[in-house]
Amino acid sequence: MSDTPQAGPAASESQTLTTEKVAPPPSGGRRRKKEEKPASLWTDAWHDLRRRPMFIFALALIAILLIMSFWPSLFTSINPLDARSCDLATARQGPSAGHIFGRDNLGCDVYARTIYGASNSILIGVSTTVITGIVGGLLGLLAGARGGVTDTVTSRVTEVFFAIPQILGALLITATFRDKGLGIWIVVIALSVLAWPMTFRIMRAAVITARSQDFVVAARALGASQRRVMFGHLLPNAIAPVIVVATINLGGFIAAEAALSFLGVGVQSPDISWGLMIADARSRFLEAPLPLVFPAVFLSITVLAFIMMGDAVRDALDPKLR
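Here the structure is a predicted model, which is why all the values come from computation and not from measurement.

The rules behind these values
- Residues numbered from 1 in each chain as written.
- Predicted model: local features only at pLDDT ≥ 70, side-chain atom pairs only at ≥ 80, totals over all residues.
- Heavy atoms only, no water.
- Phe/Tyr/Trp six-rings, centres within 6.5 Å; stacked < 30°, edge-to-face > 60°.
- Helix = DSSP H or I, 4+ residues; strand = E, 2+ residues; numbered from the N terminus.
- Lys NZ or Arg CZ within 6 Å of the ring centre and 35° of its normal.
- 1 Å grid on protein atoms, 1.4 Å probe; cavity = no way out; pocket = protein on both sides within 12 Å on 5 of 7 lines; lining within 4 Å.
- Points joined across faces, edges and corners; volume = space filled by probe spheres on them.
- Salt bridge = Lys/Arg side-chain N within 4 Å of Asp/Glu carboxyl O.
- Buried < 20%, exposed > 50% of the residue type's maximum accessible area, 1.4 Å probe, protein only.

Chemist: What's the story with the packing of aromatic side chains in this structure? I'm lost.
Modeler: Each aromatic ring pair is specified by the distance between its two centres and by the angle formed by the two planes. Under the counting rule described, the total for this entry stands at seven aromatic pairs. When the centroid spacing of 5.9 Å and the interplanar angle of 50° are considered together, the rings of F70 and W71 count as tilted. Aromatic pair F101 and F294: ring centres 3.7 Å apart, planes at 0°, arrangement stacked. Here the residue F101 occupies a position in the loop between α3 (53-70) and α4 (110-146), and F294 occupies one in helix α11 (residues 290-317), the gap between them amounting to 193 residues. In textbook terms, an aromatic cluster arises when at least three aromatic residues are bridged by ring pairs, as seen for F101, Y111, W274, F294 and F298. Between the NZ or CZ atom of R282 and the centre of the ring of F262, over which it lies, the distance is 4.7 Å.

Okay, here's the thing in structure tokens:
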């Protein structure tokens, strides 16, 4: 008789287990698992923005403009705020090796003034955006969350401000208070007073939409205070459209400052802004167009950069546009 055990069901099962244990891992077993889609709206939006050429291009332009605004000496060795850098004998001269944009009506270097003009223009735009975002956002959050009399009163007040044309109202405010020693901040105040209602309406509409969601109803049912509901649940879920509009409006505020300075009620000499440069060069435009063209080009590029960034952020935050 043979001592060799016969293959039975137990032996077959043992062979199967042994085979499974020594079997090589699948071809993709050593690879990292595919990243799961980010659950956060902002993380998801950032992943989307990094793949948008328009956003990268706008971000690069804005970064250069911000560096130019904070550290203008990195771009030019001439300080246009120093009167000794201007020479009337060389007024309206064309581009040369030392003055690539030529000279203006006062013999000042156009390139240096254009670089230094970015500071006031961008400062006014950013400051106005921050103020309107805080004031309009908080009032919109309050009106949308509370409703009732609070919503009615704030909405009626907002409609009064909406009835005032922005440029005309800002022109009146800056012309009235420009001699009070406020400098460029009178422009910020004038634009902020008339621009916050737009942020208010957007925030209010977003809060009204969010307050009926299940997570808000659940928070209230669990005893969360009104303040916690507003700042812990409603605000984070309603802030996205406000950020989009604020980014786009920033470029509009820079253009509005240029318009006020062009009309003579915005930034005043010896301060420098692109609108003021355009106003100073318009009288001799046919004779010397470059002192007007270059600040106008920089102004257009800046406004376009912020509008492009706002459009890209809007597309990334709105799932319907993906």
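Chemist: Which parts of the structure should I look at to understand empty space enclosed by the protein?
Modeler: Left-over empty space is what a probe sized like a water molecule reveals as it rolls over the atoms. Under the definition given, this model contains one cavity of 30 Å³ or more. Contributing elements (two or more residues each) for the lining of the largest cavity: α4, α7 (185-210) and α9 (226-262).

Chemist: Looking at this structure, how should I read the pattern of salt bridges?
Modeler: Inspection of every chain in the model, using the stated rule, returns four salt bridges. In this structure, R113 engages D104 in a salt bridge whose closest nitrogen and oxygen atoms are separated by 3.5 Å. Taken individually, R113 and D104 each receive the classification buried, so the pair is uniform in this respect. A salt bridge links R314 to D311, with the shortest nitrogen-to-oxygen separation between them at 3.7 Å. Note that R314 and D311 are positioned in helix α11 at a spacing of three residues, about one turn of the helix. R314 sits in the partly exposed class, given a relative accessible area of 37%.

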